[in-house]
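Below are the chains, spelled out letter by letter.
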Amino acid sequence: MAATSESLSNPDFDATLARHGIRALSRKSPATIQVNVGKLCNQACHHCHVDAGPRRTEQMTRATAARVIEVLAASARVGTLDITGGAPELNPNFAMLVERARALGRKVIIRCNLTVTQEPGMEWLVDFYRRSAVELVCSLPCYTVENTDRQRGAGVFDKSIAALNQLNAVGFGSGELRLDLVYNPVGASLPPPQAGLEEQYRDELARNFGIVFDSLLTITNMPIARFANQLRTAGIHSAYMSLLVNHFSPATVDGLMCRSLVSVGWDGRLYDCDFNQMLEIPLGDGVASTIRDLNDNDVGKLAGARIATGSHCFGCTAGAGSSCGGALA
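In this text, all values refer to a predicted model and were calculated from it rather than measured experimentally.

Caption draft 1: Main features of the nonpolar core. Counting residues in each nonpolar core, the largest one holds 60 residues, and the members touching the most others are I110, Y129, L167, L181 and Y201. Beyond its immediate chain neighbours, meaning those up to four positions away, Y201 contacts L140, P141, C142, Y143, L181, Y183, A206, F213 and L216.

Below you can see the structure in the form of structure tokens.
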């Protein structure tokens, strides 16, 4: 059903679910705790939904990071700690979070922008990734220098290629340690089919740079924060929302990341997903406002809770869908 101009001013995601015979979203037993350790980043990308950059000062404290580990230890069904930012590696508690989560036997995913490994004083990172046996999800919005630098800044592509070569050299991407890449569109469009684009990436990066990786994840640009401001400045915010709403796919709903994930902000506040975190939309049922308020320290208690939704949720359900793990359908 095509969206009307009235609905596009504030499209109702829950109403769209209902029209397709889908119940309001609720959480399954959480399998992942995703932690945003702060908004400090060595880059300031045009599409960034976190609004991160070199001048941001929001950073997770040692006490909050330690509380994350305490909750992780008590949450037996949570198998993954997913660490993001900003550039999460710039938080002084980053290594502690990784080491303690790995000591608990949990899988650790790092959302890495690649270029942080090339910053002065960060030479230790690649070896730390290897020794900790983390899984890396690395941003590379295109296999060409022009598109990458247009979105992420001058010189980013060359630094990213240098980082990928270093990661390959220590075993990432070749079957020993997992290395996934992330594509997101340069402009106001949906990602192309993930499988076909992955083959293009694989061929171009191998032929031109000798780089290998495990999978490519396609992620839709979310109409919030910095990207939303760009859309409004260009006068195409309504057109982009129309694109998302009119490409709603019911097949994406069951796999939405909010259904199996709990998001922790840099200040310890709890959210249904990283996007709700950036919009400061609290947990749907208000069962706990911060990680310090959790009953029995177990995020498993959040199973069955209603998930807070908004118009931005159309970004995750358009076309093949979009999540921290790439396409959904």
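Caption draft 2: Here's a closer look at the side chain of S160. When you line up the elements, S160 lands in helix α7 (residues 156-169). Relative accessible area serves as the criterion here: at 1%, S160 is assigned to the buried category. Reaching out from S160, the side chain makes a polar contact with the backbone oxygen of V156 at a distance of 2.8 Å.

Caption draft 3: Spotlight on empty space enclosed by the protein. Within this structure, the stated rule accounts for two cavities of 30 Å³ or more. Empty space within the second largest cavity amounts to approximately 120 Å³. The wall of the second largest cavity is formed by 15 residues, among which L256, C258, C273, C313 and C316 lie closest to the centre. Taken together, the residues of the lining of the second largest cavity break down into 12 nonpolar, three polar and no charged.

Caption draft 4: Spotlight on the pattern of salt bridges. Here the structure, examined in full by the defined rule, presents 16 salt bridges. Here R67 and E70 are joined by a salt bridge, their closest N and O atoms 2.9 Å apart. Linking R67 with E70, this pair stays in helix α3 (residues 62-74), spanning three residues, or about one helical turn. Taking the relative accessible area as the measure of exposure, E70 reaches 42% and is therefore partly exposed. In this structure, D267 and R269 form a salt bridge, with 2.9 Å as the shortest nitrogen-oxygen distance. Via salt bridges that share partners, K28, D254 and R259 belong to a single interconnected network.

Caption draft 5: Highlighting the packing of aromatic side chains. As enumerated under the stated definition, the model contains nine aromatic pairs in all. Following the ring pairs from residue to residue traces out a cluster consisting of F13, F248 and F314. Here the basic side chain of R202 rests over the ring of F213, its NZ or CZ set 4.5 Å away from the ring centre.

Calculation rules
Residues numbered from 1 in each chain as written. Predicted model: local features only at pLDDT ≥ 70, side-chain atom pairs only at ≥ 80, totals over all residues. Heavy atoms only, no water. Core = buried A, V, L, I, M, F, W, Y, C linked by side-chain atoms within 4.5 Å. Buried < 20%, exposed > 50% of the residue type's maximum accessible area, 1.4 Å probe, protein only. Contact = heavy atoms within 4.5 Å. Helix = DSSP H or I, 4+ residues; strand = E, 2+ residues; numbered from the N terminus. Polar contact = N/O pair within 3.5 Å; in protein donor to acceptor, adjacent residues only side chain to side chain. 1 Å grid on protein atoms, 1.4 Å probe; cavity = no way out; pocket = protein on both sides within 12 Å on 5 of 7 lines; lining within 4 Å. Points joined across faces, edges and corners; volume = space filled by probe spheres on them. Nonpolar A, V, L, I, M, F, W, Y, C, P; charged D, E, K, R; others polar. Salt bridge = Lys/Arg side-chain N within 4 Å of Asp/Glu carboxyl O. Phe/Tyr/Trp six-rings, centres within 6.5 Å; stacked < 30°, edge-to-face > 60°. Lys NZ or Arg CZ within 6 Å of the ring centre and 35° of its normal.

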